[in-house]
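The lines below spell out each chain.
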Amino acid sequence: MDFIRSMISRDLRTGKYGGRVVTRFPPEPNGFLHIGHAKSICLNFGLAEEHPGGRCHLRLDDTNPDTEKAEYVEAMKRDIRWLGFEWGEHLYHASDYFEQLYRYALVLIDKGLAYVDSSTMEEIRERRGTVTTPGVNSPWRDRPRDVNLDLFRRMRDGEFPDGSHVLRAKIDMAHRNMIMRDPLLYRIRHSTHYRQGDDWPIYPMYDFAHCLSDSVERVTHSLCTLEFENNREIYDWLLEHVDAPVPRPEQTEFAPLVLDYVITSKRKLKELVRTGHMRGWDDPRMPTLAGLRRRGVTPEAIRALCDMVGVARAQSRVDFGKFEFAVRDDLNRRAPRAFCVLDPLKVVITGYPAGREEIFRAPRMPGGDGRWGTRELPFGRELYIDREDFAETPPPGFHRLRPGGEVRLKYACTIRCDVVVKDGTGRVSELRCSFDPETRGGVAPKGRRVRGIIHWVKADRAVGAEIRLIDRMFRVAEPPPDDIVGALNPESGRVVAGALLEPGVAGAPPGTHYQFERHGYFFSDPKDSCDERLVFNRTVTMRDGWAGRVRNEAARVHGTRAPVALDDEAVGISPTGHRRSPEESLGSHRDKRRFGELRSLGVTEAAAASLVRSPAALQLFDAARPRYPQGAESIAAWLVNDFTRLLGSDDGADPARLDPAALGDLVRAVDAGEISHRQGRTVLAALLARGGSFAEARAAVDLTEIGDEDTLSALLQELVAEYPDKAAAYRAGRTGLLGFFVGRVMRRTDGKADPRAATRLAEAILTGDAKL
RNA sequence: UGGCCCGUCGUCUAAUGGCAGGACACCGGUCUUUGGAACCGGGGGUGGUGGUUCGACUCCACCCGGGCCAACCA
């Protein structure tokens, strides 16, 4: 289960959204959906399907009139449905909320939280500062509320030209998050919107429109990709300050799908289409859903890929092999087999009468249950095989046809190459072969096994076809963003005009999948293929074991790889060549002095450095010490470890509630052995949550500990009986399993068992030394 | 140079502080009328250094590496 599904389960358990799961898929209709969107679609719509009563809205995020078109909306709907998802009645447009959004903006202005800025674009940019320097306030920042209200109304009424004013949130021009430096909320744009026409001269910005649209639709989980992490702060800020109804939607980010050899920038894809490098959004080389569909990739394969890739926050890059696997795995089940000769080489069966024809039958699907039936393969004196299935000087391991060698024509018979005929240029133009009638239909008499098996077609019965050998779009896995065109794979659209197919393929309607045996999976082009001219796109090649062997052979010949030099940076050493101590990473002299004092008190190096860096913890340290003067080292350790941890993980923990005296007492009690470290942690959590003295907190929490040997051994005996294989594995040397048994004891006792006793007993019982 | 986020087999991804597991790729084998498919088996991993803990992929600190943010785009 991924982290988003875990989060939703948790929300369902705690009733955060009253049991509702409402997601949304919010594309901007400024281009076509691509494989990257597929991940988001599968996630959002998948989540809705998984939960009873769950919904996923399709919302067109159409707040920029200059880039959006109705045709893109239609394409998006088509592509989402093709993937197998349905939004039902929940089709929305951000542009339908313009009136509501406008009113929300008035609320912000009214609260003094938004203002009309009349600076130029350049001025705004300059005053924003940089990531390391604060911005400066706009001279228009303190306009009176009524002026703002009036100006904004007039902006809405269309009184001002583009770029003359913007509406901005009034937050903080020195904010460390650049996005929070008075973000723009509205801009003036006298453009015709594809749905709203000329009704609106002002348009909301993404940050303003998105959170509010989510809120209007009562979305619960607003999922987006990692690059919006920084925008979460403004998302929450806006919902809070317009007093959006609770519970409010919450944004969660996940890693986008990044696939080797693919780009998913709509802007760049659009550019490739515009410049004619691609023949449209649905060019079969394109990573768009329309392109993939036309190439023959199935929605099932795309969904399988998304399942394989998972959902996480780590930046990741998916191996292209995963995509290919998903496609092959699906097509293997659904694509009937056929013979296709891409590069024909004539074969004359010298012993076969010229006018004669016989029919061999072959299964449409191999190894199957016969439901797919059989196909007919006419055979005669003149055939074609693929040129690459013959080698005049075969490389080692090659077991297809060679001069004097034998090969099996699949489903027909074995032939032997007797004569190689060449044309004037020295190129092989024809093979004269003899055939063995005994081997007809695949019978192999006398135990004579022929290793090579190749496909073929009968010369006068084959049907011609155009085959587009679609290949990966780029030559390199990670095309450089500044030179996409230069990285294009010139081979990705290779066209073979004169391919020959077995006759049964002749009537294939557009949009039919085939596996052309030994070549790969192909799909008759939905647009260009017709009865008069068959056109097939290669969806994916077969997995190529031969290529792998050739590769290995080459590696063997070229010797072993050079040893890899470990560079210093990779092993965590600074460029200056030495490892910095915690002390050295301290900045000021004051900090260094404090560090020295702590060290002389007996505080460890690591703890001292941490304490110096954390003023709040340091203050607690100083205040707690009088209560336990000898315990400097322990107090420091508690502060930098358990205390910091509780602050980071527990929402209810408030350091202000912690009485330093209680902390001192706590640490002393642990050191004195009055309570265990574990129990100490429990008490500390209580102290952080509710305050009070050590004695009070200690009395308030349940500190019972099961140390009783009889109870623990009985439990362990049960566990050993329950998991005999684990116990055996432990005895066989998998000592890591001790933790498994101890863990189970802890779980069964609700965390109350004494882990030391449990560990000791588990060891004794497992090794059979159970005299205790 | 700031803030936020992220580092687990080659790749993607799991593991309430308690067995480092799965998938793709790779290698080997069985079978096979696709150098395909199927089936079986194998190797391979927690970025580094400290710390806390009975026990750390998980918590703490620092270091190293990567990503995002300075559009009147989304």
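This structure is a prediction, so every number in the text was calculated from the model and none was measured.

A.B. asks: Help me out: how do you make sense of the sheet that holds strand β3 (residues 91-93) in this one?
C.D. replies: The strands that make up a sheet are held in pairs by hydrogen bonds between backbone atoms, and each pair lies either parallel or antiparallel. The strand order across the open sheet formed by three strands is β1-β2-β3, and the pairing between neighbours is parallel. With partners counted over all chains shown, the strands left at the sheet margins are β1 (22-25) and β3, one partner each. If you compare each strand with its neighbour and ignore which way they point, the axes differ by 35° on average. On top of the sheet, helix α3 (residues 70-83) reaches β1, β2 (55-60) and β3; it is set at about 155° to β2, its chief contact.

A.B. asks: Teacher, can you tell me more about the sheet that holds strand β22 (residues 493-501) here?
C.D. replies: The seven strands are arranged β10-β23-β24-β25-β21-β22-β11 in an open sheet whose pairing can be described as mixed. Across the chains shown, the open sheet's two edge strands, defined by having one partner strand only, are β10 (337-338) and β11 (340-341). In this structure, strand β21 (residues 463-470) lies alongside β22, joined through seven bridges in antiparallel fashion. Looking at the pairing, Ala-465 lines up with Ala-499 of β22. Across the sheet, helix α12 (residues 320-334) is in contact with β10, β23 (513-516), β24 (520-524) and β25 (535-541); its angle to β25 comes to roughly 120°.

A.B. asks: Whenever I open this one, the packing of aromatic side chains confuses me. Can you help?
C.D. replies: Two aromatic rings, taken as a pair, are described by how far apart their centres are and by the angle between their planes. A full pass over the atoms with the stated rule returns 26 aromatic pairs. Where Phe-32 meets Tyr-72, the ring centres are 6.1 Å apart and the plane angle is 85°; that geometry is what we call edge-to-face. Placement of the pair is Phe-32 in the loop between β1 and α2 (35-50) and Tyr-72 in helix α3, with a sequence separation of 40 residues. Residues Phe-32 and Tyr-72 agree in their burial class; the two are buried. Taken together, Phe-98, Tyr-102, Phe-152, Tyr-186, Trp-200, Tyr-203 and Phe-208 form an aromatic cluster joined through their ring pairs. In this arrangement the basic side chain of Lys-726 is found over the ring face of Phe-740, its NZ or CZ atom lying 5.1 Å from the centre.

Calculation notes
Residues numbered from 1 in each chain as written. Chains lettered and ligands numbered in written order. Predicted model: local features only at pLDDT ≥ 70, side-chain atom pairs only at ≥ 80, totals over all residues. Heavy atoms only, no water. Pairing = 2+ DSSP bridges. Helix = DSSP H or I, 4+ residues; strand = E, 2+ residues; numbered from the N terminus. Axes fitted to C-alpha atoms, helices over the stretch in contact; angles between N-to-C directions. Contact = heavy atoms within 4.5 Å. Phe/Tyr/Trp six-rings, centres within 6.5 Å; stacked < 30°, edge-to-face > 60°. Buried < 20%, exposed > 50% of the residue type's maximum accessible area, 1.4 Å probe, protein only. Lys NZ or Arg CZ within 6 Å of the ring centre and 35° of its normal.

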